[in-house]
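These are the residues of each chain, in order.
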Amino acid sequence: MKYEAAICRLDEADYYDGYVTVSILGRSLRVYYQAPVEFALEKLVPDTVILVDLWHVYGNAVKNDVVQKAFITSPSTSTATVRGQVVEIASPVEFRVDCGILIDIDNRDGPERIAMGDSIETCGCCKIYFPKTEWNREAVL
C-alpha cells in the first residue's frame, strides 16, 4: 500500500539495503529497504517526506476465525504481527489486509490459499519499496 512517509532516521545503510525508521499515519515503524547506499543517503534524510510502498513480507499467513484487527510492531526490529481481514486479492500470494491500516501482504512462504474476506494472522518483516524510482517493487523483485 502506498503511503507518504516521514523519515525519522536512517538506522542502517549497507551497500544495497538497510533499515530506516519512518512515520506512516502517525505510527513509527522500523522497516527494511533494498536500494544502494547512495540512494539512502540522498533520499532517506530525517524530516523529509517520501512516497513508499509498504509491504509485510517473509511471513506465513494463516486463517483464523476471529476478526480482531491488529498491527503490532516491535520498536527495535522491522517485524510486525498483522491480524485482519483480506480486502483485496492481487494474486494467489499477494493480498491487502485491513489490520487497522491497510497493508499489502506477500505470502510466498505461506502454504494456505487465502481468499477475499478471510481473516488472517501473520508475523514477518515490514519492507518498503520506492514507487516512481528504479527501486520500486517490480524492479527489486
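In this report, the structure presented in the accompanying data block is examined. Everything numeric here is computed off the predicted structure, so don't read it as measured data.

Side note on the nonpolar core
The biggest cluster of nonpolar side chains holds 34 residues, and the ones touching the most others in it are Leu 54, Phe 71 and Phe 130. The contacts of Phe 71, once residues within four sequence positions are left out, are Arg 27, Leu 29, Ala 80, Thr 81, Val 82, Cys 99, Ile 101, Ile 103 and Cys 126. Residues Tyr 32, Trp 55, Val 57 and Tyr 129 belong to the second largest nonpolar core, which totals five residues.

Description of the packing of aromatic side chains
All told, the structure shown has five aromatic pairs when counted by the stated rule. Ring geometry for Tyr 16 against Trp 135: centres 6.4 Å apart, planes inclined by 55°, an arrangement best described as tilted. On the criterion of sequence distance, the pair formed by Tyr 16 in the loop between strand S1 (2-13) and strand S2 (17-24) and Trp 135 in the loop between strand S10 (119-129) and helix H2 (137-140) is long-range, its members being 119 residues apart. Ring geometry for Tyr 33 and Phe 130: centres 6.3 Å apart, planes at 65°, overall edge-to-face. Of this pair, Tyr 33 sits in strand S3 (residues 27-34) while Phe 130 sits in the loop between S10 and H2; the two residues are 97 residues apart in sequence, bridging distant segments of the chain. Grouping residues by exposure puts Tyr 33 and Phe 130 together as buried. Seen from the ring of Tyr 19, Arg 30 lies directly overhead, with NZ or CZ sitting 4.4 Å from the centre. Here Arg 137 stacks its cationic end above the ring of Trp 55, 3.6 Å away from the centre of that ring.

A look at the environment of Arg 9
Of note, Arg 9 is situated in strand S1. Between the C-alpha atoms of Arg 9 and Val 45, which are 36 residues apart in sequence, the distance is 7.0 Å. Excluding its chain neighbours within four sequence positions, the residues that come into contact with Arg 9 are Val 20, Thr 21 and Pro 46. A polar contact of 2.9 Å, which involves the side chain of Arg 9, links it to the side chain of Asp 11.

Some details on the side chain of Arg 83
Considering the arrangement of structural elements, one finds Arg 83 in strand S7 (residues 79-91). Within the local environment of Arg 83, its side chain forms a polar contact with the side chain of Glu 121, the two groups lying 3.3 Å apart. Leaving out residues up to four positions away in the same chain, Arg 83 has contacts with Gln 68, Lys 69, Ala 70, Ile 72, Asp 98, Cys 99, Ile 120 and Glu 121.

Considerations on the pairing of strand S4 (residues 49-57)
A large share of S4 lies buried, amounting to seven of its nine residues. In terms of strand pairing, S1 meets S4 through five bridges, oriented antiparallel. Residue pairing across strands places Tyr 3 opposite Val 52, the latter belonging to S4. Sheet topology note: the S4/S10 ladder contains five bridges and is antiparallel. Note on S10: the bridge partner recorded for Asp 53 is Tyr 129. Both S4 and strand S9 (residues 102-106) contribute to a ladder of two bridges, which runs parallel. Within S9, the residue paired with Trp 55 across the bridge is Asp 104.

Looking at the pattern of salt bridges
The final tally for this structure, using the stated rule, is 13 salt bridges. Taking the shortest distance from any N to any O, the salt bridge between Asp 11 and Arg 30 comes out at 3.3 Å. Note that Asp 11 is positioned in strand S1 and Arg 30 in strand S3, a separation of 19 residues in sequence. Using a relative accessible area of 27% as the deciding quantity, one classes Asp 11 as partly exposed.

About the thresholds
Residues numbered from 1 in each chain as written. Predicted model: local features only at pLDDT ≥ 70, side-chain atom pairs only at ≥ 80, totals over all residues. Heavy atoms only, no water. Core = buried A, V, L, I, M, F, W, Y, C linked by side-chain atoms within 4.5 Å. Buried < 20%, exposed > 50% of the residue type's maximum accessible area, 1.4 Å probe, protein only. Contact = heavy atoms within 4.5 Å. Phe/Tyr/Trp six-rings, centres within 6.5 Å; stacked < 30°, edge-to-face > 60°. Helix = DSSP H or I, 4+ residues; strand = E, 2+ residues; numbered from the N terminus. Lys NZ or Arg CZ within 6 Å of the ring centre and 35° of its normal. Polar contact = N/O pair within 3.5 Å; in protein donor to acceptor, adjacent residues only side chain to side chain. Pairing = 2+ DSSP bridges. Salt bridge = Lys/Arg side-chain N within 4 Å of Asp/Glu carboxyl O.

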